[in-house]
Amino acid sequence: MSLLFTRNLTKAYAGVTANEDINFDLPKGQTRALIGPNGAGKSTFVGMVSGRIPATAGTITFGGEDISALPAHQRIAKGIAYTFQITSVFGGLSVAENVALAARRSLGAAAPAKVAEVLDQVGLTDRADQTARDLSYGHQRILEIGMGLAQNPRLFILDEPTQGLAEAEIDAFKALIRGLDPETTILLIEHNMSVVMDLAEAITVLDQGRILAEGTSEDVRANRAVQAAYLGTEHA
Amino acid sequence: MRVFSRANALHLGLIALLALLFFLLPAYHTGNLARIMVLAVFAMGYNLLFGYTGLLSLGHALFFSAGMYGLGLTMHLGGASPAPAFLAGLIVALIVSGIVGFLALRTTGVAFMIVTLMFAQAGYLTVLYFGSYTRGDEGFVIQQARRSLLGIDLSDDTNRYFAALILFAAALLITGAIVRSGFGRTLVAIRENEQRATMLGYDVHRLKLIAVILSGVLSGASGAAYALLFGYAGATFATVQYSIFPLLWVLLGGAGTTIGPLIGAIFMFYLIDYASGLTNAYLLLVGVVLVALTLFAPQGIVGTIRARWIRWLP
């Protein structure tokens, strides 16, 4: 059974339908990429899943439970971690405290060990005491991912994690995701095709608020509609 | 852990220093200091919400006067003794801050400031409306004979000073423990980035409500103690001026620092005291100093010391 599925999930802003009748299934343990041109509705979709954006219609089921009516913080508490597209860390607090805030809610007394583990995992141990806003952009992105990992999520949603990163940092990011527990289910919004092809076990293509294609990377590459809408154009 | 013990040492040292000052300073200053310590508890309550949680209230006079009248009226009209009356003050402040928090937290930012201001204004008008009980602006005196707790006469200078110190010490140690706890650090996270805190799974609304209530109860404890120790309750303490005072004390002393509220209250008290000895236009002088401090030390006295020199200050 899928860890996450949505049925007829729809978001309409005054006159514009950003997401229309999305039926999406994400099996447990899979790494899924969500791709599509700008404005396709990717962030809207994960926004509705995480609870940041209220859905107009449709249902969201996570771990066998209908979470459609839950506020964002309760969905997060059920094991969804969300990293922001625009870096959103606690700028005035130390790197370690940022990670600790992520770990403490679910782990309590076990949090300090988890913080040390995550800082090591993402390579920020040396910078643990630095103030987050003094970090380079790349390190802030990495910290953001670390804050997700510290929550031991069942579903890890990453909204364009490699945006603005240098090549070497992107390689480090790929290695980090590959090194995660294979049980972790990942939903990855990504524009960088090399990241998608390297990490994703399956791909969902959104276009104009609808699912255009879904399948393995080969299936998606071969899909003519996708080529027309996305891959075949400037992103090839 | 070292930071924790240093913070505790600082707090205990400050309490010891205040105890010592009673024997070193002339009576005039110890009288002032007793008053300042009680008001510093008000400032600490305010600081918990403003300095740590990042919510700027303009209505804290309501919580202060809730405690003041909660104690004052149960003694004055109900004939209660100080201990249950003090408890009544705390309970009234708890209820009032719970209601105000529940309603005002539907708003944020400027709207929150205005809503809290309006609630406080409504509270002030309520005190005036029930003037036959509260005696309005004129207020009422709590007789000296009634102000005795466990056989200790709280109107006596020495007893009053140490009662104020005990309240101050309790408030300082409690807020010190709160802001270092997981709960307190989550409040700071809300101040820094509320959206992020929500997306880490924290129930931000509930935490803010708890912060308003803790802040309100501390402010109420200060108001109740003020009425008990100085024997007077009046509507002046419910005016907007008493909502602005804690904001100024906290800004001057250092928002988000545990000892800042006391430092700010001392500074402001003696600034007014000194300036009014120099000129009739003392408020002008006070204003100039406040503007200068805001320009050159926007983090307040303790906040600036922390930023420049002593990073571990709690």
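What counts as what
- Residues numbered from 1 in each chain as written.
- Chains lettered and ligands numbered in written order.
- Predicted model: local features only at pLDDT ≥ 70, side-chain atom pairs only at ≥ 80, totals over all residues.
- Helix = DSSP H or I, 4+ residues; strand = E, 2+ residues; numbered from the N terminus.
- Rg over C-alpha atoms; globule rule 2.2 N^0.38 Å.
- Buried ≥ 20, exposed ≤ 12 C-beta atoms within 10 Å, placed from the backbone.
- Contact = placed C-beta atoms within 7 Å.
- Nonpolar A, V, L, I, M, F, W, Y, C, P; charged D, E, K, R; others polar.
- Pairing = 2+ DSSP bridges.
- Right-handed = clockwise from strand over helix to strand, strands pointing away.

Caption draft 1: A look at the overall build of chain A. When helices and strands are counted, chain A shows nine helices and 10 strands. The C-alpha radius of gyration of chain A comes to 18 Å, within 12% of the 18 Å expected for a compact globule of 236 residues. Reported as C-alpha extents along the three principal axes, the dimensions of chain A are approximately 50 × 40 × 35 Å. Counting every position in chain A, which comprises 236 residues, the buried fraction comes to 45%. Partitioning the contacts of chain A with sequence separation of at least 6, the portion at a separation of at least 24 is 64%.

Caption draft 2: Examining the environment of Asn47(B) more closely. Residues and elements named next belong to chain B. Checked against the element boundaries, Asn47 lands in helix H2 (residues 27–52). Residue classification places Asn47 among the buried residues on the basis of 30 C-beta atoms within 10 Å. Through-space distance from the C-alpha of Asn47 to that of Thr257 is 8.0 Å; in sequence the pair is 210 residues apart. When residues no more than four places from it in sequence are discounted, the contact partners of Asn47 are Tyr52, Val250, Ala255, Gly260 and Pro261.

Caption draft 3: Representation of the interface of chain B and chain A. Each side of the interface is counted separately: chain B has 16 residues, and chain A has 16 residues. Contributing elements (two or more residues each) for the side of chain B that touches chain A: helix H8 (182–192) and helix H9 (194–198) of chain B. Per-element tally for the side of chain B that touches chain A: the top contributor is H8(B), with six residues. The class makeup of the residues in the side of chain B that touches chain A is six nonpolar, six polar and four charged.

Caption draft 4: Region of the structure containing unusual backbone geometry. All names here are of chain A. Of note, Glu160 is a non-glycine position whose phi angle comes to about 45 degrees, a positive value. Secondary-structure assignment places Glu160 in the loop between strand S7 (155–159) and helix H6 (167–178). Unlike most non-glycine residues, Gln208 shows phi in positive territory, near 50 degrees. Along the polypeptide, Gln208 turns up in the loop between strand S9 (202–207) and strand S10 (210–215). Given 15 C-beta atoms within 10 Å, Gln208 falls into the partly exposed group.

Caption draft 5: Layout of the pairing of S7(A). Residues and elements named next belong to chain A. Of all the five residues making up S7, five are buried; the element is thus mostly covered by neighbouring parts of the structure. Across the two faces of S7 the burial is the same, with Leu155, Ile157 and Asp159 and Phe156 and Leu158 all buried. When strand S6 (residues 80–83) meets S7, the two strands line up parallel, connected through four bridges. Bridging from a neighbouring strand, Tyr82 pairs with Ile157 of S7. In terms of strand pairing, S7 meets strand S8 (residues 185–189) through five bridges, oriented parallel. Bridge pairing in S8 places Leu158 opposite Leu188. Regarding the hand of the β-α-β motif, the stretch spanning S7, H6 and S8 is right-handed.

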